[in-house]
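Take a look at the letters that make up each chain.
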Amino acid sequence: MRGAKSAKWVAIAAVVTMAATACGGGGDSASDDMDKGKADPNGIVTAQLSEPQNPLQPANAKESQGSRVLRTIFAGLVDYEPGTGKLEYVNAESVTPNDDSSEWTVKLKPGWKFHDGTPVTAKSYVDSWNWSANIANNQTNSSWFADIVGFDDVHPEKGKAKKDAMSGLKVVDDNTFTIKLTSPVSYFAYKLGYDVWAPLPEKFFSDPKGYGEKPVGNGPYKFESWEHNKLIKVRKFAGYKGPNKAQNGGIDFKNYTTADAAYSDLRSNNVDWIEQVPTTALKTYKQDLGNRAIDQAYSAVQSIVPAFYSKSWKDVDPKVIQGLSQAIDRDTITKTVLQGTRQPADSYVAPGVLGYKKGALGDITKYDPAAAKKLIKEGGGVPGNKIQIQYNADQDHKPWVDAVCNSIRQATGVECTGDPKPTFQADLDARDAHKVKSMYRGGWVLDYPVNSNFMRDLYGSKAAGNTSGYANKEFDALSTEADKASSVDETVKKYQEAEQLLAKDMPAIPLWFYKVNSGQSTKILGKIPYGQDGDPIFDQVKVKK
Amino acid sequence: MGRYAARRLLQMIPIFIGTTLLIFLMVHILPGDPVRAMYGDKAPDPAQIAAIKHAYGFDKPVLEQYVNYMWKLLQGDFGNNLAGRPVLDLMTDAFPVTLRLTLLAIILEIIIGVSLGAWAGLKAGKAVDTGVLIFTLVVISIPVFVLGFIARFVFADELGWLPPNVQDSTNLGQLFLPALVLATLSMAYVARLTRTTFAENLRADYMRTALAKGLPRRRIVGVHLLRNSLIPVVTFIGTDIGGFIGGAVITEGIFNIQGVGNLLYRAVQTSEGSTVTGVVTVIVLVILVINLLIDLLYAVLDPRIRYA
């Protein structure tokens with residue numbers, strides 16, 4: 001009797017230990033053959049989402065959640081080939097520049113319809129852009145229209161809009177319109193792939209507020225319902241004429257509040273795709289999910305940026321920053337602290353973007369304590385022999401900031417500490433108010449896959465992404481010249497030259513490129529295809545029959 | 001009794017104004033500008049920020065904003081959040097969910113807590129009593145979020161008995177696990193409280209009298225003992241309802257329940273002043289009303305308590 005009793009306890013203890021070490025389950029799922037079976041053209045994909053911050057209007061979806069939905073409902077003029085970043089036409093038949101790329105003619109594919117049956121015309125685009133650029137409508141992405149002639153009239157620096165429309169936009173006929181730019185941009189067509197350039201149906205303008213709750217688009221899916229904080233449903237649009245017809249019946253975007261909750265649901269097959277594996281499961285997720293684990297690079301970079309307006313960095317010799325860069329052991333940190341979720345950066349431009357050059361920064365991103373010490377010494381040393389890295393503590397940044405600091409400290413003896421701000425808002429406030437004491441964490445995900453997006457939009461002295469006070473006339477001149485180049489190839493090459501200029505000037509220290517660490521359920525056929533922005537290409541996801 | 005209730009209701013007005021003003025000021029001094037934060041790494045043009053702030057009235061002094069807010073509140077308008085959705089809508093979505101969760105938790109707390117406590121109290125000093133004491137001690141010492149994660153991991157992820165997340169908050173089966181987790185801590189306190197008062201009251205004079213009268217044991221325990229022992233327990237459970245709504249921030253997060261806790265958490269994170277103030281205002285009202293009800297309930301439980 002006594003023996004039997006204790007045996008039972010041992011068994012229970014074993015179950016508890018197994019549960020605690022996550023040995024149970026998991027393994028069997030690895031043997032699933034995800035490529036076997038047939039695709040169900042009407043199968044529904046369920047995907048993770050958080051409540052979008054804004055109503056579902058194309059020009060208002062700055063954050064990733066809202067745009068994830070909008071991108072299924074809308075088809076833009078152009079899109080990019082995943083991996084290469086090459087331009088593909090979607091709703092546009094052609095987008096052609098004049099001789100100096102200052103005026104663009106857009107021809108639409110005829111016969112397209114919005115989901116409510118009204119035709120998609122040149123006017124749908126022009127009206128949409130004019131409305132979205134207007135300061136009175138408070139669209140978060142209005143600055144995207146700043147290249148167009150007449151933007152200042154609808155979006156003045158002070159006061160109310162002077163006009164309703166930008167003079168640079170002209171409707172030629174139902175399927176043609178022209179865009180006049182304030183200065184030539186050879187790759188303007190590439191910018192047009194961003195959500196903000198979507199067309200809007202006539203109906204929108206009579207009730208923008210109601211529309212934001214129930215959007216009508218021209219894309220592969222039509223909007224069905226939005227249960228706030230719970231579920232957004234989109235369904236395949238039978239009348240879609242674009243090249244990217246939906247391979248599934250629709251998508252249910254399910255709301256999750258934490259990555260842990262979503263991951264639990266993925267493991268029990270209650271959701272087909274999650275955004276990111278929680279930090280707690282990073283070590284085990286590949287074992288848990290087998291070949292259903294997703295480990296995929298996307299075009300985004302993380303860096304640390306000196307606050308050039310601060311006392312310490314005002315007149316610093318760039319050699320010092322180069323030295324600090326060489327003091328960071330990117331290989332070890334990405335492997336250990338970040339558990340393989342990042343890839344060491346070797347340039348300012350992320351891979352998958354036109355103009356990314358492997359190893360563009362040469363030795364600057366290579367770990368070499370001796371060189372680091374030498375460079376810092378040559379540059380006159382780090383002011384005060386001390387740096388601080390500002391970051392927002394509401395996300396998981398502390399571990400790597402500490403690791404970077406540790407690496408710098410050990411390699412060079414420079415004192416380095418983290419400077420946490422409680423929230424992202426507080427972090428941004430300090431950046432805007434020019435109150436960053438030393439350096440801050442910077443991150444950038446591509447808007448469009450041309451290298452200019454990772455340089456001009458970040459380090460141009462008047463760029464919206466430039467919050468460090470960095471300014472270099474030579475770089476500004478070179479980027480203007482690059483924008484005016486006769487072809488995109490030419491532009492890309494010029495920006496590669498500009499990158500070498502930045503390498504000498506060090507406006508930031510690139511640390512690593514991002515990767516998606518995610519997973520998919522057993523209901524999905526094949527691997528989920530990914531876009532350059534780190535999101536799945538939902539219309540190409542196949543569901544098993 | 002009527003005058004007492006009326007006085008208590010009148011007292012609620014200054015408390016209400018005080019708490020809402022405090023919350024309003026506190027949200028206001030939270031670091032970070034929520035309008036600016038909508039733009040992330042890319043700084044927007046100042047004109048746009050100014051236009052949005054003007055649209056929401058953020059460009060006015062705090063006290064003026066507060067007065068405007070209260071004036072609208074009196075007309076039943078809780079304002080809009082930064083996404084332009086009425087806060088009232090957000091709350092009518094979230095409150096029923098939390099209410100269901102809380103009610104279920106309280107029912108579990110009462111059933112399990114009171115019976116455990118009564119059992120231990122009746123057998124004070126025996127093995128059962130010690131067992132309950134140890135069990136409650138263990139429960140009290142484990143933080144709720146640890147308990148929540150363990151419960152989800154064991155029962156949902158590994159054993160697969162229950163769904164890991166709440167998909168449908170009207171399904172009581174799905175709410176069971178989170179409600180149990182939410183209730184555990186208070187359950188332990190209720191058990192201990194009940195046990196002590198039971199053990200004490202067992203020795204009271206009226207118990208001896210009841211026994212001497214030869215009343216059946218069921219009546220002695222069920223009516224005389226239970227009724228008299230419940231007063232502190234009822235107070236505790238009453239104050240606990242407010243605690244539950246607070247505790248729901250953690251439990252709702254773990255089990256992905258779209259209730260008040262979640263709403264509040266997200267709103268605080270994004271410095272959504274109107275949402276935070278709206279939700280807290282309603283919670284304050286709920287707690288005030290519950291406290292009033294508890295006080296009134298005393299008279300029912302113990303007629304000796306009189307309200308002058």
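Predicted, not measured: the structure shown is a model, and the values here were computed from it.

1. Points about the overall build of chain A
Here comes step 1: A tally of helices and strands in chain A yields 17 helices and 19 strands.
Here comes step 2: Structurally, chain A occupies a C-alpha span of about 90 × 65 × 40 Å along its principal axes.
Here comes step 3: A total of 545 residues make up chain A; the buried ones form 57% of that total.
Here comes step 4: As displayed, chain A has an accessible area near 22300 Å², and 52% of this comes from carbon and sulfur atoms.

2. Some words on the state of the cysteines
Residues and elements named next belong to chain A.
Here comes step 1: This model, assessed by the stated rule, comprises one disulfide over all chains.
Here comes step 2: Note on cysteine connectivity: C405 is disulfide-linked to C416, with sulfurs 2.0 Å apart. Taking the torsion about the sulfur-sulfur bond, which here is approximately -55°, the covalent link between C405 and C416 counts as left-handed. One end of the pair, C405, is in helix α13 (residues 398-412); the other, C416, is in strand β15 (residues 415-421), with eleven residues separating them in the sequence.
Here comes step 3: A relative accessible area of 0% means that C416 is categorised as buried.

3. A few points about the pattern of salt bridges
All names here are of chain A.
Here comes step 1: The tally for this structure, following the rule as stated, stands at 26 salt bridges over all chains.
Here comes step 2: With a closest N to O distance of 3.2 Å, K319 and E378 form a salt bridge. Linking K319 in helix α10 (residues 318-326) with E378 in helix α12 (residues 369-378), this pair joins segments that are 59 residues apart in sequence.
Here comes step 3: What makes K319 partly exposed here is its relative accessible area of 33%.
Here comes step 4: Under the relative-accessibility criterion, E378 is labelled partly exposed at 42%.
Here comes step 5: Across the pair D419 and K437 runs a salt bridge whose closest N-O atoms are separated by 3.5 Å. Placement of D419 in strand β15 and of K437 in the loop between α14 (424-432) and β16 (439-445) is noted, with a sequence separation of 18 residues between them.
Here comes step 6: Three or more residues joined by partner-sharing salt bridges are found here, namely R68, E275 and D535.

4. Notes on the packing of aromatic side chains
Residues and elements named next belong to chain A.
Here comes step 1: Applying the stated criterion across every chain yields a total of 30 aromatic pairs over all chains.
Here comes step 2: Residues Y125 and W129 carry aromatic rings whose centres are separated by 6.1 Å and whose planes lie at 80° to one another, so their mutual orientation is edge-to-face. Within this pair, Y125 and its partner W129 are both found in helix α3 (residues 122-133), separated by four residues, close to a single helical turn.
Here comes step 3: Taking relative accessible area as the criterion, Y125 reaches 0% and is therefore assigned buried.
Here comes step 4: Look at F188 and W197: their rings are 5.7 Å apart centre to centre, the planes differ by 80°, and that puts the pair in the edge-to-face class.
Here comes step 5: Site record: aromatic cluster; members linked through ring pairs are W104, Y125, W129, F145, F177, F188 and W197.

5. A look at the environment of I44 of chain A
Residue and element names in this part refer to chain A.
Here comes step 1: With respect to the secondary-structure elements, I44 resides in strand β1 (residues 44-49).
Here comes step 2: The sequence separation of I44 and K377 amounts to 333 residues, and the corresponding C-alpha distance is 61 Å.
Here comes step 3: Excluding anything up to four places from it in sequence, I44 contacts R235, G249, G250, I251, D252, D272 and V543.

6. Comments concerning the nonpolar core
Here comes step 1: Ranked by internal contacts, the top residues of the largest apolar core, which has 141 residues, are L77, W129, F177, I179, W197 and V404 of chain A.
Here comes step 2: Residues within four places of L77 of chain A in sequence aside, it is in contact with E88, Y89, V90, N91, A92, V106, L108, Y125, W129, F177 and L192 of chain A.
Here comes step 3: In this structure, V97, L175, V181 and A183 of chain B belong to the second largest nonpolar core, which totals 29 residues.

7. Thoughts on the UniProt feature "domain: Solute-binding protein family" (unreviewed entry) in chain A
Here comes step 1: If you check UniProt for "domain: Solute-binding protein family" (unreviewed entry), the listed places come out as residues 92-465 of chain A in our numbering.
Here comes step 2: Along residues 92-465 of chain A one finds 27% helix and 22% strand; the C-alpha atoms at either end are 29 Å apart.

8. Thoughts on the domain arrangement of chain A
All names here are of chain A.
Here comes step 1: According to the domain assignment, chain A consists of domain 1 (13-73 + 216-294 + 518-540), domain 2 (78-213) and domain 3 (298-515).
Here comes step 2: The C-alpha-based centres of domain 1 and domain 3 are spaced at 32 Å.
Here comes step 3: At the interface, eight residues of domain 1 touch ten residues of domain 3.
Here comes step 4: Of the roughly 660 Å² buried between domain 1 and domain 3 on both sides combined, carbon and sulfur atoms contribute 53%.
Here comes step 5: When residues of domain 1 are sorted by the area they lose upon contact with domain 3, L282, Q532 and D533 head the list and together hold 63% of the total.
Here comes step 6: Joining domain 1 to domain 3, the criterion identifies zero salt bridges.
Here comes step 7: Our count for the domain 1 to domain 3 interface comes out at three residue pairs in polar contact (both at pLDDT 80 or more).

9. Quick notes on the packing of helix α1 (residues 2-29) of chain B against helix α12 (residues 273-301) of chain B
Each pair of packed helices can be described by the angle between their axes along with the distance between the axes.
Residues and elements named next belong to chain B.
Here comes step 1: Between α1 and α12, the shortest axis-to-axis distance is 9 Å and the interhelical angle comes to 155°. The angle between the axes of α1 and α12 places the two elements in the roughly antiparallel class. Regarding α1 and α12, the two cross each other, and that crossing is right-handed.
Here comes step 2: Across the contact of α1 with α12, the residue classes break down as 16 nonpolar, six polar and two charged.

10. Description of the side chain of T194 of chain B
All names here are of chain B.
Here comes step 1: Tracing the chain through its elements places T194 in helix α8 (residues 172-201).
Here comes step 2: A distance of 2.5 Å separates a polar atom in the side chain of T194 from the backbone oxygen of V190.
Here comes step 3: In this structure, T194 is in contact with G113, V114, G117, A118 and V233, ignoring residues within four places of it in sequence.

11. Topic: helix α3 (residues 46-56) of chain B
Residue and element names in this part refer to chain B.
Here comes step 1: Inspection of α3 places A47, Q48, I49 and I52 among the buried residues, and these make up the whole buried set.
Here comes step 2: The elements touched by buried residues of α3 are α2 (34-37).
Here comes step 3: Positioned one or two residues after α3, G57 has a phi angle of 75°, which is positive.

12. Section: a nonpolar patch on the surface
Residues and elements named next belong to chain B.
Here comes step 1: A contiguous nonpolar surface patch, about 290 Å² in accessible area, is contributed by L10, I13 and I17.
Here comes step 2: By the secondary structure assignment, I13 is in helix α1.
Here comes step 3: Among the residues examined, I13 registers a relative accessible area of 48% and is labelled partly exposed.

13. Concerning the domain arrangement of chain B
Residues and elements named next belong to chain B.
Here comes step 1: When cut into domains, chain B gives domain 1 (2-74) and domain 2 (91-301).
Here comes step 2: The gap between the C-alpha centroids of domain 1 and domain 2 is 32 Å.
Here comes step 3: Each partner contributes residues to the interface: domain 1 has 17 residues there, and domain 2 has 18 residues.
Here comes step 4: Of the roughly 1500 Å² buried at the junction of domain 1 and domain 2 (both faces included), carbon and sulfur atoms supply 79%.
Here comes step 5: Counting residues per element, the side of domain 1 that touches domain 2 draws most heavily on α1, at eleven residues.
Here comes step 6: A per-class count over the side of domain 1 that touches domain 2 returns 13 nonpolar, three polar and one charged.

Here is what the cut-offs are and how they apply
Residues numbered from 1 in each chain as written. Chains lettered and ligands numbered in written order. Predicted model: local features only at pLDDT ≥ 70, side-chain atom pairs only at ≥ 80, totals over all residues. Heavy atoms only, no water. Helix = DSSP H or I, 4+ residues; strand = E, 2+ residues; numbered from the N terminus. Buried < 20%, exposed > 50% of the residue type's maximum accessible area, 1.4 Å probe, protein only. Areas by Shrake-Rupley, 256 points an atom, 1.4 Å probe, with all protein chains shown as cover. Disulfide = S-S within 2.5 Å. Salt bridge = Lys/Arg side-chain N within 4 Å of Asp/Glu carboxyl O. Phe/Tyr/Trp six-rings, centres within 6.5 Å; stacked < 30°, edge-to-face > 60°. Contact = heavy atoms within 4.5 Å. Core = buried A, V, L, I, M, F, W, Y, C linked by side-chain atoms within 4.5 Å. UniProt positions renumbered as here; feature names shortened; annotations may be inferred. Domains from an automatic or database assignment. Buried area = accessible area lost by both parts, 1.4 Å probe. Polar contact = N/O pair within 3.5 Å; in protein donor to acceptor, adjacent residues only side chain to side chain. Axes fitted to C-alpha atoms, helices over the stretch in contact; angles between N-to-C directions. Parallel < 35°, antiparallel > 145°, perpendicular 65-115°, else oblique. Left-handed = near helix turned anticlockwise from the far one by under 90°. Nonpolar A, V, L, I, M, F, W, Y, C, P; charged D, E, K, R; others polar. Patch = residues over 30% accessible without salt bridge, like charges linked within 9 Å, V, L, I, M, F, W, Y side chains within 5 Å.

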